[in-house]
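Okay, here's what each chain looks like letter by letter:
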Amino acid sequence: MESKRNLKSTERGSGAKAPDPHQADGFRQFLKDWTVWKKGSSPTFSLRQFAQRAGFQSHTFLPKVIDGSRNLAEESAQRIAQVLGLSKADERFFVLMVRHDQCEDEQERERLFLEISAMRRVRFQRKIGAAQANYYDQWYYPVLRQLAPCLGDDPDPAKMGELLVPPVGAALVRKALADLETMGLLVREGNRWVAPDSVVSVDALPRAVKIKGRRDILVKGMESLHRFGPEERLTRCILIGLSEDARQEVLEVMNDAARRCMEIAARDDRPDKIWQIALQAFPLTRSVG
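In this numbering scheme, every chain counts its residues from 1 along its sequence in written order. A pLDDT threshold of at least 70 governs which residues receive local features in this predicted model, and a stricter bar of 80 or more applies before side-chain atom pairs are shown or counted, although totals over entire chains, interfaces and linings include all residues. Water and hydrogen atoms were dropped before computing side-chain values, which therefore reflect all heavy atoms in the structure.

Please clarify how the packing of helix α3 (residues 47-54) against helix α5 (residues 74-84) should be interpreted in this entry.
Between α3 and α5, whose axes approach to 9 Å, the crossing angle comes to 120°. It follows from the interaxial angle that α3 and α5 lie oblique. Our pair here, α3 against α5, has a crossing hand that is right-handed. Note on element contacts: α5 touches α3 through Arg79, Ile80, Val83 and Leu84, opposite Phe50, Arg53 and Ala54. Polar here means any residue outside two lists: the nonpolar Ala, Val, Leu, Ile, Met, Phe, Trp, Tyr, Cys and Pro, and the charged Asp, Glu, Lys and Arg; Gly therefore counts as polar. Class assignment for the residues of the contact of α3 with α5 results in five nonpolar, no polar and two charged. Axis geometry follows a simple rule: fit a line to the C-alpha atoms, using only the stretch in contact for helices, then measure angles between N-to-C directions, giving values from 0 to 180 degrees. For the purposes of this entry, the term helix denotes a DSSP run of H or I that reaches at least four residues, the term strand denotes a run of E that reaches at least two, and both are numbered from the N terminus. Any angle that falls under 35 degrees is termed roughly parallel, while one over 145 is termed roughly antiparallel, one within 65 to 115 roughly perpendicular, and all others oblique. Two helices cross in a left-handed way if the nearer one is turned anticlockwise from the farther one by less than a right angle. They cross in a right-handed way if the turn is clockwise. We call two residues in contact when some of their heavy atoms are within 4.5 Å.

Below you can see the structure in the form of structure tokens.
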């Protein structure tokens with residue numbers, strides 16, 4: 001049997017882009033779309049070959065899953081996801097869809113639906129760019145974007161500023177709120193502030209802007225060592241030697257941890273404190289070889 005890594009490389013196909021499970025209306029629809037795409041992009045693809053790679057005895061297994069006459073056990077769902085070449089995050093999403101679509105308990109279905117919705121919000125997070133270049137003007141701009149919607153009707157800028165650590169004056173808070181509104185990152189709905197997007201990506205911001213923002217975050221991290229006791233913060237520092245393959249594996253673990261943190265936050269409808277989570281990895285030596 002081919003290795004999982006080989007399966008991923010051979011099952012991606014060519015030409016049109018593979019279907020995204022996050023855009024599918026259920027796991028059966030995703031498998032149907034993927035099969036159509038694979039047949040069109042790889043003339044050598046066959047259901048028999050797929051079944052063999054996934055460890056199923058019958059080549060009719062996948063069509064029966066797609067038409068609803070067969071269900072998927074979680075182990076089978078994981079094997080299929082690996083043959084499809086899904087990333088770890090997409091594999092987790094696919095298995096979650098399988099659980100949801102086959103679940104008969106209404107309360108559990110609702111819980112799974114909320115988890116799926118949170119993962120989709122993280123996947124399709126809004127990318128802010130040049131129009132929001134002032135986002136990192138001050139360290140508290142991103143904080144206020146998260147904080148203002150938590151404070152209910154007509155929040156007082158002075159009290160809002162007192163919640164920040166360290167505190168910020170009311171005039172600066174008013175300016176920040178106005179700037180965030182101009183950037184489209186906060187909107188007024190009646191007497192409340194609302195963030196149109198629960199998750200945003202800063203990847204498209206100019207590099208210099210991102211560097212400033214990251215620097216401010218690092219400074220706040222250093223200050224937190226003196227401001228907060230160990231019960232209010234988490235600091236883990238490890239020093240390890242890594243080959244290139246191991247480094248890539250560590251980065252994948254860190255990226256997955258970041259996604260999971262965002263997914264948890266995206267389905268939390270009652271936040272009472274704003275946290276900064278910082279994951280870092282950087283070299284302290286040049287390559288030995």
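Read on, since the account is not over.
Sorry, what's going on with the pattern of salt bridges here?
Pairs may arise between side chains of opposite charge once their charged atoms sit close together. Counted as salt bridges are all cases of a side-chain nitrogen of Lys or Arg within 4 Å of a carboxyl oxygen of Asp or Glu. Scanning the entire structure with this criterion turns up 19 salt bridges. For Asp269, the salt bridge identified is with Arg270, shortest N-O distance 3.9 Å. Arg270 shares its class with Asp269; the two are exposed. Look at the salt bridges and you will find they share partners, linking Arg92, Asp256, Arg259, Arg260 and Glu263 into a network. For every residue, the accessible area obtained with a 1.4 Å probe (protein chains only) is divided by the maximum for its type, and the residue is called buried under 20%, exposed over 50%, and partly exposed between those limits.

Looking at this structure, I do not really get helix α6 (residues 88-102). What am I missing?
Since the α-helix advances by 3.6 residues per turn, residues separated by three or four positions end up pointing in the same direction. The end-to-end C-alpha separation of α6 is 21 Å, in line with the 21 Å expected for 15 residues at 1.5 Å each. Considering only its buried residues, α6 is in contact with α2 (27-41), α5, α7 (106-123) and α12 (244-266). Each helix should span, by expectation, one fewer than its residue count multiplied by 1.5 Å.

Can you help me understand the packing of aromatic side chains in this one?
The relation between two aromatic rings is expressed through the spacing of the ring centres and the mutual angle of the planes. A pair of Phe, Tyr and Trp rings is counted when the ring centres sit within 6.5 Å of each other, with Trp represented by its six-membered ring. The angle between the planes then sorts it: under 30 degrees is stacked, over 60 is edge-to-face, the rest tilted. This model, assessed by the stated rule, comprises ten aromatic pairs. With a centroid separation of 6.4 Å and 75° between ring planes, the pair formed by Phe45 and Phe50 is classed as edge-to-face. Each of the two residues, Phe45 as well as Phe50, counts as buried. Taken together, the ring pairs in this structure connect Trp34, Trp37, Phe45 and Phe50 into an aromatic cluster. The ring centre of Trp193 lies 4.7 Å from the NZ or CZ of Arg188, which sits over that ring. Note on geometry: a ring has a charge over it if NZ (lysine) or CZ (arginine) is within 6 Å of the ring centre and within 35 degrees of the ring normal. Looking at Lys220, its charged tip hangs above the ring of Trp139, at a distance of 4.3 Å from the centre.

How do you make sense of the nonpolar core when you look at a structure like this?
If you look at the biggest cluster of nonpolar residues, it comprises 31 residues, and the most contacted ones within it are Phe30, Leu31, Phe50, Leu72 and Phe94. Of all the elements in the fold, those that place two or more residues in this core are α2, α3, α4 (61-67), α5, α6 and α7. Counting residues per element, this core draws most heavily on α6, at six residues. Once residues within four sequence positions are removed from consideration, Phe50 is found in contact with Trp34, Phe45, Leu62, Ile80, Val83 and Leu84. Counting 23 residues, the second-largest nonpolar core is a separate cluster that includes Tyr135, Leu147, Ala148 and Leu186. To define a nonpolar core, start from buried Ala, Val, Leu, Ile, Met, Phe, Trp, Tyr and Cys residues and group those joined through side-chain atoms within 4.5 Å.

Where do I start with the side chain of His22 in this structure?
Position of His22 relative to the elements: it lies in the loop between α1 (4-10) and α2. Setting aside its immediate chain neighbours within four residues, His22 contacts Asp90, Phe93, Met119, Arg120, Arg123 and Phe124.

Would you take a moment to explain the environment of Arg145 for this structure?
Note on placement: Arg145 falls in helix α8 (residues 140-147). Remark: the alpha-carbon pair of Arg145 and Glu232, spanning 87 residues in sequence, is separated by 22 Å. Not counting chain neighbours up to four residues away, the residues in contact with Arg145 comprise Tyr135, Leu180, Leu185, Leu186, Ala195, Asp197, Ser198 and Val200. At a separation of 2.9 Å, a polar atom in the side chain of Arg145 contacts the main-chain carbonyl oxygen of Asp197. Any N or O atom pair separated by 3.5 Å or less is treated as a polar contact, with the protein-specific requirement of one donor-capable and one acceptor-capable atom, and with residues adjacent in sequence counted only for side-chain atom pairs.

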